[in-house]
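Here is how the chains run, residue by residue.
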Amino acid sequence: MATKKSTHDVEKNSGPVAEEHEGNHLKEVETNTVLASSAAERALLWRQDKRIVPLAASIYFLCYLDRSNIGNAKVLNSSTKNDMQTETGASNYEFNIALMVFLIGYFLFEVPSNILLKKLRPSRWLAFLMFAWGAITMGVGGTKTSEQVTGVRFLLGVFEAGLFPGLVYYLTFWYKTDERSVRVAFILASATLAGAFGGAIAYGVGHMNRVHDLSAWRWLFILEGIPSCLSAFFVWFFLPDYPESAHWLSESEKDLAAQRLYLEGAQGSAAAMTWEDAKKTLVDWRLYGHYAIYFAVSLPFSSLSLFTPSIVSGLGYVDLQAQLLTVPPWAVAYVVQILVSWSADHFNMRGYHTAGISAVGAAGFLASAVLPADAYRSRYGCLIVGTAGAFACIPPMLGWLTSNMWSTASIGLAVALNVSIGAGLGQIPGVWIYKADEATRGYPTGHGVNCAMLVVVTVGALALRVFYGRRNAKILRDAGDGAVPRLYKL
């Protein structure tokens, strides 16, 4: 048997293998390994995918739709003064405050939510969050002042906070490290679909203006909140919690799932996080490199989510036409996300894929910033490139982080911190970079900042890739004879 090593140094992929222990050290045991190409494993993966991925993607689709529809509501029927901003009497500054407080609630409640997800079961906790944010979304349709919008948006942030980090954490209970990025991509890509459908839905709902004496933007919030409330019941009863408790898996399939995830997955039966677990995760300084690049990518993520309708309006399109033309950037981003994420996992090159596609996005935003304001078609094409690049680098980033965390407790905390620091704090500046008084100039500040942030992602991802490459080389040098070391994913 090989000498025991810390999980920060080694994982034994065959022969002697590591059993997760909440004290974060290895215990040597013998187990059979599963060939990744086995027919049984492929069949199990397909069964899991059919149960989990469409449902998880649908949940996030509705979440993102309810979060980002305020961008559509802001300009919907603005030519007749029936848009949200006009009717609530909000200035541009007050409207941005309403957008920002959502992110404060998001930041504050992400870590507690991931802890509760493990304690209360994923199906129960996610269903509760879903019903709550759906009801709150409908409530936005009843607001009459900017202060009311701000308060309700804060509550929306509180209840939406736990969903995305919760879903990323949830996938680690079902999938190995080289299977996660593409599945995170399918979930995150539902956000791009929501962006596309959001514009199309707003276009249709825009024709309901003044039906039953309600402006179309109010109908938009009401109609988009209802599906979330109804779907919460479906999630409660049909979202499986953990492989070991899935009634639709046979005993042999449960055993196979346990073998697959023995080293590379979170455990539903693992003990709750202790302070020792939290401390080790908090002082694992390499993780702050991941948090930093996620912070950077969160600016284009949030700004595009909220201001794409306004950006398109600044390209010379108005009202319902502007809503419809928000669809292509999101549709292209959906396809690019899936392809990049699959390739990153397949070739174990998450760092290079993150760096490469973020550089493409940076080029798109740079061109948008420097092109003449009246170069509408060229700038619209650059918007498509920038959106695709910004969104496609996120799934490999998250897959990379979870792949290099080796205990259930550390995965949950690290994912929550990553999304909290990035998607919470990181998205706040994104609220302010697209300035309303720059619409006629083509929003050079917003595009320039997004370009700079994606350059930070490119450089940071390459630096992490070099770090992990050197760490792997050291692990190989230090590995004892006969030990098959666990290496960091690249």
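Conventions adopted
Residues numbered from 1 in each chain as written. Predicted model: local features only at pLDDT ≥ 70, side-chain atom pairs only at ≥ 80, totals over all residues. Heavy atoms only, no water. Helix = DSSP H or I, 4+ residues; strand = E, 2+ residues; numbered from the N terminus. Buried < 20%, exposed > 50% of the residue type's maximum accessible area, 1.4 Å probe, protein only. Contact = heavy atoms within 4.5 Å. Areas by Shrake-Rupley, 256 points an atom, 1.4 Å probe, with all protein chains shown as cover. Lys, Arg positive; Asp, Glu negative; His and termini not counted. Charge placed at Lys NZ, Arg CZ, Asp CG, Glu CD. Disulfide = S-S within 2.5 Å. Expected span 1.5 Å × (residues − 1). Bend = angle between axes of the 7 residues up to and from the residue. Core = buried A, V, L, I, M, F, W, Y, C linked by side-chain atoms within 4.5 Å. Salt bridge = Lys/Arg side-chain N within 4 Å of Asp/Glu carboxyl O.

S.K.: I keep staring at the overall build of the protein and nothing clicks. Help me out?
M.R.: The helix and strand tally for the protein stands at 18 helices and two strands. Counting only C-alpha atoms, the protein reaches 75 × 45 × 40 Å along its principal axes. A buried classification covers 59% of the 490 residues belonging to the protein. The long-range share in the protein, meaning contacts at least 24 apart out of those at least 6 apart in sequence, stands at 80%. Carbon and sulfur atoms make up 66% of the accessible area of the protein, which totals about 18,400 Å². Separation of charge centres in the protein, based on 39 positive and 36 negative side chains, amounts to 2 Å.

S.K.: Quick question: what am I supposed to make of the state of the cysteines here?
M.R.: As used in these notes, a disulfide is a covalent bond between sulfur atoms, one from each of two cysteines. Under the definition given, this model contains zero disulfides. Just so you know, C229 is unpaired, no disulfide at all, and the nearest cysteine sulfur is the one on C63, 13 Å from it. Unpaired in this structure, C382 has its nearest cysteine sulfur neighbour in C451, at a distance of 11 Å.

S.K.: So what exactly am I meant to see when it comes to helix α3 (residues 92–120) here?
M.R.: Since the α-helix advances by 3.6 residues per turn, residues separated by three or four positions end up pointing in the same direction. For α3, built from 29 residues, the straight-helix expectation of 42 Å at 1.5 Å per residue is met to within 8% by its first-to-last C-alpha distance of 41 Å. The largest bend in α3 is about 40 degrees, located at F109, with the proline P112 one to four residues further on.

S.K.: Got a minute to help me understand the nonpolar core in this structure?
M.R.: In a soluble, globular protein the nonpolar side chains are often hidden away together inside. In terms of nonpolar packing, the biggest core is built from 133 residues, with Y60, M84, F164, W174 and Y294 touching the most fellow members. Sorting elements by how many residues they give to this core places helix α1 (residues 39–75) first, with 15 residues. Apart from the residues within four sequence positions on either side, W174 is in contact with Q48, I52, P240, D241, Y242, P243, A246, W248, L249, R260 and L261.

S.K.: For this particular structure, what's the right way to read the pattern of salt bridges?
M.R.: Two side chains carrying opposite charge are able to pair once their charged atoms lie near each other. For the structure on display, the rule yields 16 salt bridges. Across the salt bridge formed by E253 and R47, the nearest N and O atoms sit 2.9 Å from each other. Of this pair, E253 sits in helix α9 (residues 251–264) while R47 sits in helix α1, and the two are 206 residues apart along the sequence. Since its relative accessible area comes to 29%, R47 is described here as partly exposed.

S.K.: When you look at the side chain of S298 in this model, what are you seeing that I'm missing?
M.R.: If you trace the backbone, S298 turns up in helix α11 (residues 287–313). Here S298 falls in the buried class, since its relative accessible area comes to 2%. When residues no more than four places from it in sequence are discounted, the contact partners of S298 are G422, A423, G426 and Q427.

S.K.: Is there a simple way to think about helix α6 (residues 163–171) in this case?
M.R.: Among the nine residues in α6, nine count as buried, and that is most of the element. Within α6, the full set of buried residues consists of L163, F164, P165, G166, L167, V168, Y169, Y170 and L171.

Geometric values such as these leave the question of function open.
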